[in-house]
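What follows is the residue order along each chain.
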Amino acid sequence: MSGTLGKTIDGYEIKIASERWEIQAAQKLRFSVFIENSAARANWHALSSGLDRDKFDRDCDHLIVIDRNPRSGPKVAGTYRLLRETVARRRRGFYSEAEYDLAALKMFPGNILELGRSCIHPDYRKRAIISLLWRGIADYVQRHGIDLMFGCASFSGRDVSPFSSALSLLHHRHRAPALWRPVASRGRYIPMDIVPEDEIEIRQARREMPPLIKGYLRAGGMVGDGAVIDNDFNTIDICLLLPTQAITEKYRRHYLGEREPARGMAV
């Protein structure tokens, strides 16, 4: 693949934000999606600035898709926040460490990348912005030699009962290897094995899962041990992991441009 970062495809530019206005536009989009249009709790600084930002923003690369078509000027249609382990170790650690014990994950034999703050502007939900973001991530992964991606993904609300089948399916059939499996922090651990494996209704479990989580699973994703209630964002969080060598052949062809099946896909 020749690389998609910095390129414009059908009027949409895929890039790592390099200018102040680009980062602030991503933070403004996050504020709109996570705070204005959901039940997330905002602090005074967020409410006064209209920006969703925290201490990790300084350490992260901000992947954005910019719509270059509008007459009113460029507009950020989608964003992802990327934090490499090499940076996290020198700075403030990983964002996910507030919810998960990552000691085992840090023993993974390769380069790790944390993904977070994924969101798409409501005006672009029916367009292929998520596909463009993932093409950018694929390029970033190759440039930096990333071997595993991880991050928190969410179910809406703080009541696990509407998602009991989905959480149980994830626990019984999609857990990461114990050798490097993240575990929900002590005092915040919510069991995911709510329904016995032989009693799970698979179709119901799939209906309960948000599209992003289903997308990770189709790509070869796995989960950590236990869920966590995020009171600030009013969500039930799980830790998702995706070793790049485990990415399914379909996703490799689509995002990485590979024509032959990848080797070592089983983990």
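Asks: Sorry, what's going on with the overall build of the chain here?
Replies: The number of helices and strands found in the chain is 8 helices and 11 strands. Of all intrachain contacts in the chain linking residues separated by at least 6 positions in sequence, the fraction that spans at least 24 positions is 74%. As presented, the chain carries roughly 13400 Å² of accessible surface, and 48% of it is formed by carbon and sulfur atoms.

Asks: Is there a simple way to explain the packing of aromatic side chains in this structure?
Replies: The geometry of an aromatic ring pair is captured by the separation of the ring centres together with the interplanar angle, meaning the angle of the planes. A complete count under the given rule lists 8 aromatic pairs for this structure. Plain terms: the ring middles of phenylalanine 155 and phenylalanine 163 are 5.0 Å apart, the flat faces sit at 45° to each other, and that makes the pair tilted. Each member of the pair, phenylalanine 155 as well as phenylalanine 163, is classed as buried. Among the aromatic residues, those joined into a ring-pair cluster are Tyr80, Trp134 and Tyr216. Cation over ring: arginine 81 sits above tyrosine 95, and NZ or CZ is 5.5 Å from the ring centre.

Asks: Can you help me understand the pattern of salt bridges in this one?
Replies: Think of it this way: side chains of opposite charge can pair up when their charged atoms draw near. Going through the model one piece at a time under the given rule, you end up with 16 salt bridges. In this structure, arginine 30 engages aspartate 57 in a salt bridge whose closest nitrogen and oxygen atoms are separated by 3.1 Å. Taken as a pair, arginine 30 in helix α1 (residues 20-36) and aspartate 57 in the loop between α2 (44-49) and β3 (61-67) lie far apart in primary sequence, 27 residues in all. We classify arginine 30 as buried; its relative accessible area is 1%. With a closest N to O distance of 2.9 Å, arginine 81 and aspartate 57 form a salt bridge. Remark: aspartate 57 occurs in the loop between α2 and β3 and arginine 81 occurs in strand β4 (residues 75-84); sequence separation between them is 24 residues. Exposure remark for arginine 81: the relative accessible area of 5% places this residue in the buried category.

Asks: Just checking my understanding: could you explain helix α5 (residues 164-173) for this structure?
Replies: Along an α-helix, a turn takes 3.6 residues, which lines up residues three or four apart on a common side. Counting buried positions along α5 yields 8 of 10 residues, so the element is predominantly enclosed. Where α5 is buried, its residues meet β7 (148-156), α6 (202-208), α7 (211-219), β9 (222-223) and β11 (235-243).

Asks: I'm lost on the nonpolar core in this one. Help?
Replies: Note on soluble globular proteins: their nonpolar side chains tend to be buried together. Within the largest apolar cluster, 65 residues are counted, with the highest numbers of intra-cluster contacts made by Met149 and Ile238. Examining the composition of this core, we find that 7 residues originate from one element, helix α4 (residues 129-144), more than from any other. Once residues within four sequence positions are removed from consideration, methionine 149 is found in contact with Leu113, Leu115, Trp134, Ile137, Val141, Leu240, Leu241, Leu242, Thr244 and Ile247.

Asks: Just checking my understanding: could you explain the environment of isoleucine 202 for this structure?
Replies: Relative to the elements of secondary structure, isoleucine 202 occurs in helix α6. Considering only alpha carbons, one finds isoleucine 202 and serine 165, 37 residues apart in sequence, at a separation of 7.7 Å. With near-sequence residues (within four places) excluded, isoleucine 202 lies in contact with Leu169 and Arg173.

Asks: Please explain unusual backbone geometry as it appears in this structure.
Replies: At arginine 117, a residue that is not glycine, the phi angle is positive and equals roughly 50°. Inspection of the secondary structure puts arginine 117 in strand β6 (residues 112-120). One non-glycine residue, asparagine 234, lies in positive phi territory at about 55°. In this structure, asparagine 234 sits in the loop between β10 (228-230) and β11.

Asks: Looking at this model, I keep getting lost on α7. Mind explaining?
Replies: Within α7, burial applies to Ile213, Gly215, Tyr216, Leu217 and Ala219. Just downstream of α7, glycine 220 is the residue with a positive phi angle, here 115°.

Asks: Got a minute to help me understand the confidence of the model for the chain in this structure?
Replies: The predicted coordinates of low-pLDDT regions are not to be read in fine detail. For the chain, per-residue confidence averages 89 on the pLDDT scale, and residues scoring 70 or more make up 90% of the total. Across residues 259-267, confidence stays below pLDDT 50; counting only partners more than four residues off in sequence or on other chains, it has 13 contacts.

Asks: How should the side chain of aspartate 59 be read in this particular structure?
Replies: Structurally, the position occupied by aspartate 59 is in the loop between α2 and β3. On the basis of relative accessibility, which here comes to 8%, the residue aspartate 59 falls in the buried class. One polar contact links aspartate 59 to arginine 91, side chain to side chain, over a distance of 3.4 Å. Beyond its immediate chain neighbours, meaning those up to four positions away, aspartate 59 contacts Leu83, Val87, Arg91 and Arg92.

The rules behind the values
Residues numbered from 1 in each chain as written. Predicted model: local features only at pLDDT ≥ 70, side-chain atom pairs only at ≥ 80, totals over all residues. Heavy atoms only, no water. Helix = DSSP H or I, 4+ residues; strand = E, 2+ residues; numbered from the N terminus. Contact = heavy atoms within 4.5 Å. Areas by Shrake-Rupley, 256 points an atom, 1.4 Å probe, with all protein chains shown as cover. Phe/Tyr/Trp six-rings, centres within 6.5 Å; stacked < 30°, edge-to-face > 60°. Buried < 20%, exposed > 50% of the residue type's maximum accessible area, 1.4 Å probe, protein only. Lys NZ or Arg CZ within 6 Å of the ring centre and 35° of its normal. Salt bridge = Lys/Arg side-chain N within 4 Å of Asp/Glu carboxyl O. Core = buried A, V, L, I, M, F, W, Y, C linked by side-chain atoms within 4.5 Å. pLDDT = per-residue confidence, 0-100. Polar contact = N/O pair within 3.5 Å; in protein donor to acceptor, adjacent residues only side chain to side chain.

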